Amino acid sequence: MTPLVLAFAVATVALVATLLWAVAARQTAVYVTSGISFVSWSWLGIVGSDVALVTETQTIWLRPSMASIQFVAVAMAIVSLVVFSLRLFGAYPSPQTNAAESDERAEQQTR
Amino acid sequence: MSDGDTVAQLAVVILLLGLAVPGLATAHEYAGTPIDYEQSATVDFASATAVDETATVERYGDEVSVLVAGGGELEAAIDYRWDDESGEIEWFNTTATSSGQDVTIAYQAHQRTPETEMAWTIISPFFALFGIFGLVAAVRTLWSYIAEVFEA
């Protein structure tokens, strides 16, 4: 696995995890998905430069592109951590959404 | 999973604490891209010569080349010994070397880029928050258990 392939794999994990807490947000799942997205975005932010230079092709556009991606990754890591904190204090998803989800699930179980 | 599943919440917080911090710290420790340097130096049999680049170095390249002023190259392991851990060259007294001889050292340092340092500077202070997260999750779990005992 080349560094570039590894970076794409981690980026995919980060994007999927981010989509899950942003779109399919469900209570405790938000902990897991925002935690995973924090770790993966942080990893991309920290090792992005390595990926750009260690790749075999040494493509010139790759380094500045990865530098830009590093800034975005750091920002996304912070957003993920904010979401994790909000979930811990019961603010995301909102208490109303939580209650609605719990009721919905309870109804499904009783059917 | 209900919102009252505090054990699951505590488990997730502990996992994040247990895996993220050492994982990201290791990623930062080993982050380094190879950058080529050259510097002038003087052969000194009495003391080793340290290379100039020491900032944000993850490690040095396995080999260096030492070019003699006026042409020619010194031979590794015969005329000098390169320590890729400390970044120092120990000089040996041979027919090719002489004390005070001007040389040029070409070496490679695996260094963290400014972007990587920036990312680490921003992200690492947040690790301190994980302790607060763990404490909050632990207190909630304990509180939940106590409430269950009193309800029973």
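Residues numbered from 1 in each chain as written. Chains lettered and ligands numbered in written order. Predicted model: local features only at pLDDT ≥ 70, side-chain atom pairs only at ≥ 80, totals over all residues.

1. Quick word on the overall build of chain A
Assigned secondary structure in chain A consists of four helices and zero strands. Seen in sequence order, chain A has helices and strands lined up from the N terminus as α-α-α-α. The C-alpha atoms of chain A give a radius of gyration of 18 Å, which is well past the 13 Å a tight globule of 111 residues would have. The dimensions of chain A, computed from C-alpha atoms along their principal axes, are 60 × 25 × 15 Å. In chain A, buried positions account for 37% of the 111 residues. Counted over contacts in chain A with a minimum sequence separation of 6, partners at least 24 positions apart contribute 67%. (Helix = DSSP H or I, 4+ residues; strand = E, 2+ residues; numbered from the N terminus. Rg over C-alpha atoms; globule rule 2.2 N^0.38 Å. Buried ≥ 20, exposed ≤ 12 C-beta atoms within 10 Å, placed from the backbone. Contact = placed C-beta atoms within 7 Å.)

2. Observations concerning the interface of chain A and chain B
Each side of the interface is counted separately: chain A has 25 residues, and chain B has 27 residues. Secondary-structure elements contributing two or more residues to the side of chain A that touches chain B are helix 2 (28-54), helix 3 (62-88) and helix 4 (95-110) of chain A. Looking at the side of chain A that touches chain B, the element that brings in the most residues is helix 2 of chain A, giving 16 residues. For the side of chain A that touches chain B, a count of residues per class yields 14 nonpolar, 10 polar and one charged. (Nonpolar A, V, L, I, M, F, W, Y, C, P; charged D, E, K, R; others polar.)

3. With respect to the sheet that holds strand 6 (residues 88-91) of chain B
Residue and element names in this part refer to chain B. Here we have three strands laid out as an open sheet, ordered 2-6-5, and antiparallel in their pairing. Two strands close off the open sheet at either side, each with one partner strand: strand 2 (49-50) and strand 5 (80-83). Where strand 2 lies against strand 6, two bridges are found, and the strand directions are antiparallel. Bridging across to strand 6, A50 finds its partner in E88. (Pairing = 2+ DSSP bridges.)

4. As for the nonpolar core
Nonpolar side chains tend toward joint burial in soluble globular proteins. A:F38, A:W41, A:W43, A:I46, A:A77 and B:L24 are the most contacted members of the largest nonpolar core, which has 37 residues in total. Listed by contribution, the elements that provide at least two residues to this core are helix 1 (3-22), helix 2 and helix 3 of chain A together with helix 1 (6-30), helix 2 (114-123) and helix 3 (127-151) of chain B. With 11 residues, the single largest contributor to this core is helix 2 of chain A. Grouped together as the second largest cluster of nonpolar side chains are 12 residues, B:L74, B:Y80, B:W82 and B:W91 included. (Core = buried A, V, L, I, M, F, W, Y, C linked by C-beta atoms within 7 Å.)

5. Concerning the domain arrangement of chain B
Domain parsing of chain B yields domain 1 (6-30 + 116-151) and domain 2 (33-111). Centre-to-centre separation of domain 1 of chain B and domain 2 of chain B, based on C-alpha positions: 45 Å. (Domains from an automatic or database assignment.)

6. Digging into helix 3 of chain B
An ideal rise of 1.5 Å per residue puts 36 Å on 25 residues; helix 3 of chain B measures up with 37 Å between its terminal C-alpha atoms. Burial of helix 3 of chain B is sparse: only two of the 25 residues sit out of reach of the surface. (Expected span 1.5 Å × (residues − 1).)

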